[in-house]
Amino acid sequence: MKIDHKKLITRVPGTGDFIKIDNEKCTSCDRCLIICVMNLWKKRDGTIYIVDDYASQCLECGACYQVCESNAIEFRFPAGGTGIVYEQG
Amino acid sequence: MNEYDIVIVGAGPGGSTAAKEAAEKGLKTIFFERGRKPGEKNSSGCGLGPRMWRDFDVMKEIGPEVCPSIREGRAARNYFVNEEGEVTGYIMTTPTASVTYEPAKSWITLNCYRSDFDPWLSQYAVDAGAELKTSTLVTGLIREDGKVVGVIDEKGEKYRGFVIGADGAVSMVAQQAGLRKRWKQEEVTIVPQYDFECSPSKIDDIMGDEALAVWWSAVFPAAYQVFFNGGFHIGLGNWMTWWDKNPMYYLNRVISLKYFKRLVRILDAKPREFQAHLLPWQGKPYNTHTDNVILVGDAGGFPCPLEAEGIYPAMITARAAIETAADALSEGDTSKEFLMLYDKKWKATSVGEEFTAGPELASIWRALPFSPHKTMSWFIPMFMEIIGGIIDWSEPHAVRIRQIARRLKTYLPQAVPFIMKEVIPLLTTVLGEDKMELLTDPEKLLTEMPEIQEALTKAFMDAPEEE
Ligand SMILES: Cc1cc2nc3c(=O)[nH]c(=O)nc-3n(C[C@H](O)[C@H](O)[C@H](O)COP(=O)(O)OP(=O)(O)OC[C@H]3O[C@@H](n4cnc5c(N)ncnc54)[C@H](O)[C@@H]3O)c2cc1C
Ligand code: SF4
Ligand code: SF4
C-alpha cells in the first residue's frame, strides 16, 4: 500500500515564521534531514535549509529542534489558533 | 498584569486536571491552549487506562454521548512479524484472573480520539471555575529579581501566578525556567501514525472485542494499532538515537505488510489523517520543578517507562502539583526547596511506583521491541518455535520436541546475554535482592556465560542428534 501522507494533513494558515536555522552553528550532521517525517529539511551544496513553504506542511512535532545538538534550529509553536489541526488525533 | 493564584500552560489531560483541581480548591486559576480548542494539536494512541477510573471520578461520566469516538475492548492482539515481513503468528489476550478491580477486569483500554477527550475533560475545569483561554500561545515566563512570577502570551498580555508547565513534550516552560533545553536523545521518541477511517460495524464484526494490537517485528520497531468507533490508528516510534532512516520508511513497511493490507481490504478502511508527535519515554523523571514552577505530564517526562501510557500520569502528576502549589501558597513559600514536596507526592502515587523500576523497564523495552534488527530478528523465530512448534503433525511428537529443543539451543547465544543484561536486573529491582541472591550479578554471570549455557543445555536441551 502506498499512501501520500503529505495529503493527509489539515492546517490553518496564518502561522507566520516559526522555524529558523542558523547556518553558522550547523555542523551538517544531517539528523534533521533523517528525522523530519514531512521531509522539510534539505541540503544543497553542503548547506542545510528548510523548504520555503514549510509553514504550510510542518506538523509542529519539534523533532528537528530536538535532534539538533548544535542549537542551530530555532523552533517555537506558531501563533495560537493557527497551524496543524488533528481531527482524529 | 492579570493576577491569578495558578497559571497553567496547556489544556491537555495534565493542564485540564490541574485547572479543575485548583479551581475546586478555590484558587483563582487560568489555563491556556494554543489550539482553537483543546485536543486539536494532540495525537495519541489513544487508549485510556483503567487506573483513570479508579482515581478520577469524572471518568465515570465519559461515554459515547460525550465522546462519540469511544470504543472499549476486552482483547489485545500481539502479532509476530519475522525478518521476511510475514506474520508468523499472533496471540490474543484478555484481562487475566489476577486483575483485581473494575473496569480493568472488563477491558484493556477504552479508546477515544483526543479531539473528543481533551475538550470533554477541559469542560470540567471550566465548570469548576477555571478560566480557559484558547487560540493563545504562551510565549514566555516573566521574572522579577530573577524569579519566575508568571507568564506572557503572544500578544504581550501578562499573567502573574504560580506556574504549572502542562505544555507537553516540547515545553516552553521547561526551557525558559532553565529546567531543560531539550531532552537527551535517549529520553524522547518520535511517533508518526496514520488514522484510517472505517465503519464501526465492520470493526465490530471483524475485530470483535479487540481494543488494540501490537505488531512485534524484526523489520520495524514495534507498531501499535488502536481501534476507535469509526476508525483506527497504526503507528510506531523509537528513541531519537535509533533512527538510521526516516521514520516514514519504517511506518510504511508496516502498512505494506501483506497481512496488514488484507486487513485494510476486509475492513474497507481508508487512510484519513497523518500525525506525528514527540513522546518522552525515560526511566527517571528529574528537574521537575524550580522556584514557583512545576512541570506535569509530558513536560515533566512522566509517561510510563515501559509502555509510555501518558494520560493517566499527566492527570496524577497534575493533582500532585496542585496539592503542592496549594500548600506552598498558603505557607507563602513557593521556593524550589519547598516544592520538593511535589517529588515526594508523585513518588507516593501509582505513577511513582511505576518509576521504581523505571530505568530497567525502559531498558528492556529499548532492547526488545525497539531493537528489531538486533533482538527481534532472533526473538520472534525463537518465540514462535516455542508457541507454534508443538501444534505440528510433521513428525511423531517426541521427535518434534527434540527438534524444537535443538532449534532453541541455537538461540541461546543471543537469548542468554539478553536475559542476563535485561531480565535479571528488572527482576532484581521488582522482586528484591534477597529473592534474587543467585542472580544478582549480571556482570559476573556474563563472564560465566559459557558455563551457564552449557549447564542449561545439559539440563534441559540435550537431545540425541536426529538426522
Ligand atoms: C502517538 C502517541 C500515542 C500515544 N498513545 C497513548 C495511549 O494510548 N494512552 C496514553 O495514556 N498515552 C498515550 N500517549 C501519551 C500521551 O499522549 C501523553 O503522555 C499525554 O498527552 C500527556 O498529556 P499532557 O497534558 O502532559 O501533554 P499534552 O497532551 O501534550 O498537552 C499539552 C497541551 O499544551 C498545549 N501547549 C503547548 N505549548 C503551549 C504554549 N506555549 N501555549 C499554549 N498552549 C500550549 C498543547 O497544544 C497541548 O494541548 C501517546 C503519545 C503519542 C505521541
Ligand atoms: S540537525 Fe542541526 S546541525 Fe545537524 S544538519 Fe540539521 S541544522 Fe545542522
Ligand atoms: S517540526 Fe517536525 S514536521 Fe516540522 S520541520 Fe521540524 S521535524 Fe519537520
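The notes below deal with the structure included here. What you see is a predicted model; the values in this text were computed from it and never measured. (Residues numbered from 1 in each chain as written. Chains lettered and ligands numbered in written order. Predicted model: local features only at pLDDT ≥ 70, side-chain atom pairs only at ≥ 80, totals over all residues. Heavy atoms only, no water.)

1. Remarks on the nonpolar core
Residue and element names in this part refer to chain B.
For step 1, the next point in the chain: Counting 69 residues, the largest nonpolar core has Tyr194, Trp215, Phe220 and Phe274 as its most contacted members.
For step 2, the next point in the chain: Of the residues forming this core, the biggest block, 5 residues, is contributed by helix α6 (residues 247–255).
For step 3, the next point in the chain: When near neighbours in sequence (up to four residues on either side) are disregarded, Trp215 contacts Tyr79, Val81, Val87, Phe220, Ala222, Ala223, Gln225, Ile234, Leu257, Tyr259, Phe260 and Leu263.
For step 4, the next point in the chain: Counting 50 residues, the second largest nonpolar core, distinct from the first, contains Ala130, Ile316, Ala318 and Ala326. (Core = buried A, V, L, I, M, F, W, Y, C linked by side-chain atoms within 4.5 Å. Buried < 20%, exposed > 50% of the residue type's maximum accessible area, 1.4 Å probe, protein only. Helix = DSSP H or I, 4+ residues; strand = E, 2+ residues; numbered from the N terminus. Contact = heavy atoms within 4.5 Å.)

2. Focus on the packing of aromatic side chains
Two aromatic rings, taken as a pair, are described by how far apart their centres are and by the angle between their planes.
Residues and elements named next belong to chain B.
For step 1, the next point in the chain: Taken as a whole, this structure holds 40 aromatic pairs over all chains when the rule is applied.
For step 2, the next point in the chain: On the basis of an interplanar angle of 75 degrees and a centroid distance of 4.9 Å, the ring pair of Trp53 and Trp107 is categorised as edge-to-face. Pair noted here: Trp53 is in helix α2 (residues 51–55) and Trp107 is in the loop between β6 (87–93) and β7 (109–111), with a separation of 54 residues, a long-range link. Neither Trp53 nor Trp107 differs from the other in exposure class; each is buried.
For step 3, the next point in the chain: Chaining the aromatic ring pairs together yields one cluster made of Tyr79, Tyr90, Tyr194, Phe196, Trp215, Phe227, Phe232, Tyr259, Phe260 and Phe274.
For step 4, the next point in the chain: Taking NZ or CZ as reference, Arg77 lies 4.3 Å from the ring centre of Tyr90, over its face.
For step 5, the next point in the chain: Sitting above the plane of the Trp183 ring, Arg180 keeps its charged end 3.5 Å from the centroid. (Phe/Tyr/Trp six-rings, centres within 6.5 Å; stacked < 30°, edge-to-face > 60°. Lys NZ or Arg CZ within 6 Å of the ring centre and 35° of its normal.)

3. Looking at a positive patch on the surface
Residues and elements named next belong to chain B.
For step 1, the next point in the chain: Side chains of Lys258, Lys261, Arg262 and Arg265 sit close together on the surface and give a patch of like positive charge.
For step 2, the next point in the chain: Mapped onto the elements, Lys258 comes out in helix α7 (residues 258–267).
For step 3, the next point in the chain: With a relative accessible area of 72%, Lys258 lands in the exposed category. (Patch = residues over 30% accessible without salt bridge, like charges linked within 9 Å, V, L, I, M, F, W, Y side chains within 5 Å. Areas by Shrake-Rupley, 256 points an atom, 1.4 Å probe, with all protein chains shown as cover. Salt bridge = Lys/Arg side-chain N within 4 Å of Asp/Glu carboxyl O. Lys, Arg positive; Asp, Glu negative; His and termini not counted. Charge placed at Lys NZ, Arg CZ, Asp CG, Glu CD.)

4. Some details on the sheet that holds strand β4 (residues 71–73) of chain B
Note: strands within a sheet are paired through backbone hydrogen bonds, in either parallel or antiparallel orientation.
For step 1, the next point in the chain: The 3 strands are arranged β3-β7-β4 (chain B) in an open sheet whose pairing can be described as antiparallel. Every interior strand has two partners, whereas the edge strands, β3 (47–48) and β4 of chain B, have only one. (Pairing = 2+ DSSP bridges.)

5. As for the site of ligand 1
For step 1, the next point in the chain: Near ligand 1, the surroundings consist of 37 residues, among which Glu33, Ser44, Gly45, Arg114 and Asp298 of chain B are the closest.
For step 2, the next point in the chain: Flanking ligand 1 are residues from chains A and B.
For step 3, the next point in the chain: Separating an oxygen atom of ligand 1 from a backbone N or O atom of Gly14 of chain B is a distance of 2.8 Å.
For step 4, the next point in the chain: In this structure, Gly310 of chain B approaches ligand 1 through a main-chain N or O atom, which is 2.9 Å from a nitrogen atom. (Near = heavy atom within 4 Å. Polar contact = N/O pair within 3.5 Å; in protein donor to acceptor, adjacent residues only side chain to side chain.)

6. Details of the environment of Lys158 of chain B
Residue and element names in this part refer to chain B.
For step 1, the next point in the chain: Examined against the element boundaries, Lys158 turns out to sit in strand β11 (residues 158–165).
For step 2, the next point in the chain: Sequence separation between Lys158 and Asn2 is 156 residues, and the spatial gap between their C-alpha atoms is 6.2 Å.
For step 3, the next point in the chain: What Lys158 contacts, discounting residues up to four positions off in sequence, is Met1, Asn2, Ile142, Val151 and Ile152.

7. A few points about the pattern of salt bridges
One side chain can pair with another of opposite charge once the charged atoms of both are near each other.
For step 1, the next point in the chain: This structure, assessed with the given rule, holds 23 salt bridges over all chains.
For step 2, the next point in the chain: Ionic contacts of the salt-bridge type, sharing partners, join the residues Arg11 and Glu60 of chain A together with Arg34 and Lys41 of chain B into one network.

8. Looking at the interface of chain A and chain B
Size of an interface: often given as the accessible area lost when the parts come together.
For step 1, the next point in the chain: Each partner contributes residues to the interface: chain A has 40 residues there, and chain B has 49 residues.
For step 2, the next point in the chain: Overall, the association of chain A and chain B removes approximately 3,800 Å² of surface from exposure, summing both partners, and the carbon and sulfur fraction of that is 56%.
For step 3, the next point in the chain: At the junction of chain A and chain B, the tally comes to 2 salt bridges.
For step 4, the next point in the chain: Residue Lys41 of chain B pairs with Glu60 of chain A through a salt bridge whose shortest N-O separation is 3.1 Å. (Buried area = accessible area lost by both parts, 1.4 Å probe.)

9. Topic: the pairing of strand β4 (residues 47–50) of chain A
All names here are of chain A.
For step 1, the next point in the chain: Burial along β4 is one-sided: Ile48 and Ile50 are buried, and none of Thr47 and Tyr49, which face the opposite way, are.
For step 2, the next point in the chain: The pairing of strand β3 (residues 41–44) with β4 spans 4 bridges and is antiparallel. The residue bridging Arg44 from the neighbouring strand is Thr47, located in β4.
For step 3, the next point in the chain: Connecting β3 to the next strand, β4, in antiparallel fashion are 2 residues, including Asp45 with a positive phi near 50 degrees.

10. A word on the state of the cysteines
For step 1, the next point in the chain: Applying the stated criterion to the full structure yields 0 disulfides over all chains.
For step 2, the next point in the chain: Of all cysteine sulfurs in the structure, the one in Cys112 of chain B sits closest to Cys198 of chain B, which takes part in no disulfide; the separation is 18 Å. (Disulfide = S-S within 2.5 Å.)

11. Notes on the pairing of strand β5 (residues 75–81) of chain B
All names here are of chain B.
For step 1, the next point in the chain: Taken across its 7 residues, β5 has 7 buried, putting it largely inside the fold.
For step 2, the next point in the chain: Of the two faces of β5, the one carrying Ala75, Arg77, Tyr79 and Val81 and the one carrying Ala76, Asn78 and Phe80 are both buried.
For step 3, the next point in the chain: Judged from the 7 bridges that link them, β5 and strand β13 (residues 210–217) form a sheet pairing that is parallel. Across the sheet, the residue bridging to Ala76 is Leu212, located in β13.
For step 4, the next point in the chain: Note: β5 against β6, 6 bridges, orientation antiparallel. Across the sheet, residue Ala76 finds its bridge partner in β6, namely Thr93.
For step 5, the next point in the chain: Between β5 and β6, which pair antiparallel and follow one another directly, the connecting turn spans 5 residues, one of which, Gly85, has a positive phi of 80 degrees.

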